[in-house]
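Architecture and fold: a report
Here is how the chains run, residue by residue.
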Amino acid sequence: MKSKTIYFVAGEVSADNHAAALMRSLREFYTDVTLIGRGGPQMRALAGEQFKNWIANAAVLGLWEVIRKYGYFREQFRETLKEIEESEPDAVVLIDYPGFNLRLARALRKQSPQAKIIYYISPQVWAWNRGRIKKMARFLDLVLCIFPFEADLYNKSGLRAVFVGHPMIERLRARKMDTERDSNLIGLFPGSRLREVRKIFPVMLRSVPELQKQNRNMRFEVAAASEELAREMTGMLDQRGQDRRAIQVKVGETATLMQCALAGIVASGSATLEAAYFRLPFVLIYKVAWPTYLVARLVVNVKYLGMPNVLADKEVVPEFIQRRATPDGIAKAVQQLMKDADARDRMVSEFDTIVGKLGGGGASEKAARAVVEEIGRSRMKPAN
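Being a predicted model, the structure only gives us computed values, none of them experimental.

Thresholds, definitions, all that
Within every chain, residues take consecutive numbers counted from 1 along the sequence as written. A pLDDT threshold of at least 70 governs which residues receive local features in this predicted model, and a stricter bar of 80 or more applies before side-chain atom pairs are shown or counted, although totals over entire chains, interfaces and linings include all residues. For side-chain calculations, the full set of non-hydrogen atoms in the structure is used, while hydrogens and water are omitted. The secondary structure listing takes helices from DSSP runs of H or I that are at least 4 residues long and strands from runs of E that are at least 2 residues long, numbered from the N terminus. With the radius of gyration taken over C-alpha atoms, the globule rule is written as 2.2 Å times the number of residues to the power 0.38. For every residue, the accessible area obtained with a 1.4 Å probe (protein chains only) is divided by the maximum for its type, and the residue is called buried under 20%, exposed over 50%, and partly exposed between those limits. Any two residues having at least one pair of non-hydrogen atoms within 4.5 Å are treated as being in contact. Only the protein chains shown count as cover for residues, and all accessible areas are computed by the Shrake-Rupley method using a 1.4 Å probe. Stacked, tilted and edge-to-face are the three classes assigned to paired rings of Phe, Tyr and Trp, where Trp is represented by its six-membered ring and a pair needs centres within 6.5 Å; plane angles under 30 degrees give stacked, over 60 edge-to-face, the rest tilted. For salt bridges, the criterion is a side-chain nitrogen of Lys or Arg within 4 Å of an Asp or Glu carboxyl oxygen. At least two DSSP bridges between two strands are needed for those strands to be called paired. Lines fitted to the C-alpha atoms define the axes, with helices restricted to the stretch that makes contact. Angles between their N-to-C directions range from 0 to 180 degrees. Patch membership requires over 30% relative accessible area and the absence of a salt bridge. Like charges are linked within 9 Å, and nonpolar side chains (Val, Leu, Ile, Met, Phe, Trp, Tyr) within 5 Å. For the charge count, each Lys or Arg is scored as positive and each Asp or Glu as negative, with His and the chain ends excluded. A single reference atom marks each charge: NZ on Lys, CZ on Arg, CG on Asp, CD on Glu. Think of a nonpolar core as a cluster: buried Ala, Val, Leu, Ile, Met, Phe, Trp, Tyr and Cys residues, connected wherever their side-chain atoms sit within 4.5 Å. Whether a crossover is right-handed depends on one test, that the path from the first strand over the helix to the second runs clockwise when the strands point away from the viewer. Oblique is the label for every angle not falling under 35 degrees (roughly parallel), over 145 degrees (roughly antiparallel), or within 65 to 115 degrees (roughly perpendicular). For this classification, Asp, Glu, Lys and Arg are treated as charged, while Ala, Val, Leu, Ile, Met, Phe, Trp, Tyr, Cys and Pro are nonpolar and the rest, including Gly, are polar.

With that out of the way, let us pick up the overall build of the chain. Along the chain, the regular secondary structure elements total 19 helices and 13 strands. Taken over the C-alpha trace, the chain has a radius of gyration of 21 Å; the compact-globule value for 384 residues is 21 Å, and the two agree within 12%. Along the first, second and third principal axes, the C-alpha atoms of the chain reach 65 × 40 × 40 Å. Sorting the 384 residues of the chain into buried and exposed places 52% on the buried side. A fraction of 71% describes how many contacts in the chain between residues 6 or more apart in sequence connect residues 24 or more apart. Just so you have it, the chain exposes about 18100 Å², and 48% of that area is on carbon and sulfur atoms.

Structure (structure tokens):
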């Protein structure tokens, strides 16, 4: 088979995970494939030294952080377009990261009309601007969706889409354990970005004394996505003078904690689906800067923030967002889960149904097959 070149763009930690898995699957289809572009450390480890690891700078949260780094992103945008033009890849695969990647796709279509542009981990335009889908059809050739309702929505709007399943299933399945839950353990999952942690972790910590009033033996373990975040959270603990014996920060043990804790407090994001997969009863928390929140309120048109609730189309998991994210309210909801076995069982039963909608595994292989088939297709001009 003729050698192929595929250019990738990923801008966040979770996208680095998903893209790396896709890259490995693509190598099973193409014995001679050159993987180039920009993403994270896992992608670079697979692709080689020519691949740019930019995630430390690219992963930003909130409107004001994006504005502050506008010059950086403008320069990276120009560099990316230039690299694609010079490398002439057989396909460009954009992974999530819609603020950058949708603009890139539009500019790339003007620059290189014949380029194959594939979007993996669909941008959640169904949540904030469904009218954009028809416009997206003009500059995207194919969208690979991880939720079934997305593919239906896109195809009805004239944008070709395929449901491949959620790539987290294959990753989490390998981390399943046979263990019992600790009735005195609560898991805290404050997010994977520094700015996110700085907003959300203090609220979690203020919930701890409220929870300890009910049970002095209660322990808390905090899932840190990196050593850097662990140091940040440990510093917050020291500043507050909280009992370090009762609160431990652990790196790289998210899956274990989700299977050992009796309940959890989870920041909105991919961790909510991971918690559902591991059947951890939890409450959802999210806080951002007020200007970011107010802008989001103007454009987001979904009833729920957490993906388990979106997929169930009802509030399976209590959501504590912005002003509602109070230590007292969160503590009461967690206490209810810890005391009420029936409530925990009902939530877990809903989780089983939700996870069943994410596909049975093999998402990376299905996505790779779809990329290979798309490369082999003649590019059709989208209808105006």
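A few words on the packing of aromatic side chains. Considering all chains together, one arrives at 8 aromatic pairs under this definition. On the basis of an interplanar angle of 10° and a centroid distance of 6.1 Å, the ring pair of F147 and F149 is categorised as stacked. Among the residues examined, F147 registers a relative accessible area of 3% and is labelled buried. Linked through ring pairs, W54, F77, Y97 and F100 together constitute an aromatic cluster.

This next bit is on the pattern of salt bridges. Under the criterion given, the structure shown has 21 salt bridges. Note that E79 and R38 form a salt bridge whose closest N and O atoms lie 3.9 Å from each other. Taken together, the residues E79 in helix α5 (residues 70–87) and R38 in strand β2 (residues 33–39) connect sequence positions 41 residues apart. The exposure class assigned to E79 is partly exposed, which follows from its relative accessible area of 27%.

Attention now moves to the side chain of S268. Checked against the element boundaries, S268 lands in the loop between β11 (261–267) and α14 (270–277). Of the residues examined, S268 reaches a relative accessible area of 13% and is grouped as buried.

A word on the sheet that holds β2. As a general point, the strands of a sheet are linked pairwise by backbone hydrogen bonds and lie either parallel or antiparallel. Read from one edge to the other, the open sheet built from 7 strands follows the order β3-β2-β1-β4-β5-β6-β7, with strand pairing classed as parallel. Across the chains shown, the open sheet's two edge strands, defined by having one partner strand only, are β3 (52–53) and β7 (161–163). Two elements, strand β1 (residues 4–10) and β2, share 6 bridges in a ladder whose sense is parallel. The residue bridging V9 from the neighbouring strand is R38, located in β2. On the sheet, helix α1 (residues 13–29) packs against β1, β2, β4 (91–95) and β5 (117–120) and is oriented at approximately 170° with respect to β1.

Before going further, it helps to examine unusual backbone geometry. One non-glycine residue with positive phi stands out, namely E88, at about 45°. Among the secondary structure elements, E88 is positioned in the loop between α5 and β4. The class of E88 is exposed, set by a relative accessible area of 65%. One non-glycine residue, Q322, lies in the positive phi region at around 55°. Structurally, the position occupied by Q322 is in the loop between β13 (319–321) and α17 (327–339).

In this section: the sheet that holds β13. Here 6 strands make up an open sheet; going across it, the order is β10-β9-β8-β11-β12-β13 and the pairing parallel. At either end of the open sheet lies a strand with only one pairing partner, and these are β10 (247–251) and β13. Each neighbouring strand pair of the sheet contributes to a mean axis angle of 20°, computed without reference to strand direction. Pairing geometry for strand β12 (residues 282–286) and β13, over 3 bridges, is parallel. Across the sheet, residue L284 finds its bridge partner in β13, namely E319. Packing of helix α12 (residues 227–240) onto the sheet brings it into contact with β9 (219–224) and β10, and relative to β10 it is tilted by some 170°.

By the criterion of burial, β4 is predominantly enclosed, with 5 of the 5 residues buried. The alternating pattern of β4 places A91, V93 and I95 and V92 and L94 on opposite faces, both of which are buried. Pairing between β1 and β4: 5 bridges, direction parallel. For Y7, the partnering residue across the bridge sits in β4 and is V92.

The next point concerns a positive patch on the surface. Residues R103, R106, K110, K135 and R138 make up a contiguous surface patch of positive charge. Within the element layout of this structure, K110 appears in helix α6 (residues 98–111). The exposure class of K110 is exposed, given its relative accessible area of 70%.

Now for the nonpolar core. If you look at the biggest cluster of nonpolar residues, it comprises 101 residues, and the most contacted ones within it are I6, F8, I95, Y120, L144, F201 and V334. Here this core gets 8 residues from one element, more than from any other, and that element is helix α11 (residues 194–212). If we skip the residues at most four places from it in the chain, V334 touches I186, L211, A263, G264, I265 and V283.

Of all the 7 residues making up β2, 6 are buried; the element is thus mostly covered by neighbouring parts of the structure. Assessed by its sense of winding, the connection that carries the chain from β1 through α1 to β2 is right-handed. Since β2 and β3 lie parallel, the crossover through helix α2 (residues 41–47) that links them has a hand, and here it is right-handed.

Okay, the packing of α17 against helix α18 (residues 341–356) next. Orientation of α17 relative to α18, taken along the N-to-C sense of each, is 95°, at an axis distance of 5 Å. Between α17 and α18, the interaxial angle falls into the category roughly perpendicular. Residues L337, M338 and K339 of α17 lie in contact with α18, whose contacting residues are A341, R344 and M347. For the contact of α17 with α18, the residue count by class is 4 nonpolar, no polar and 2 charged.

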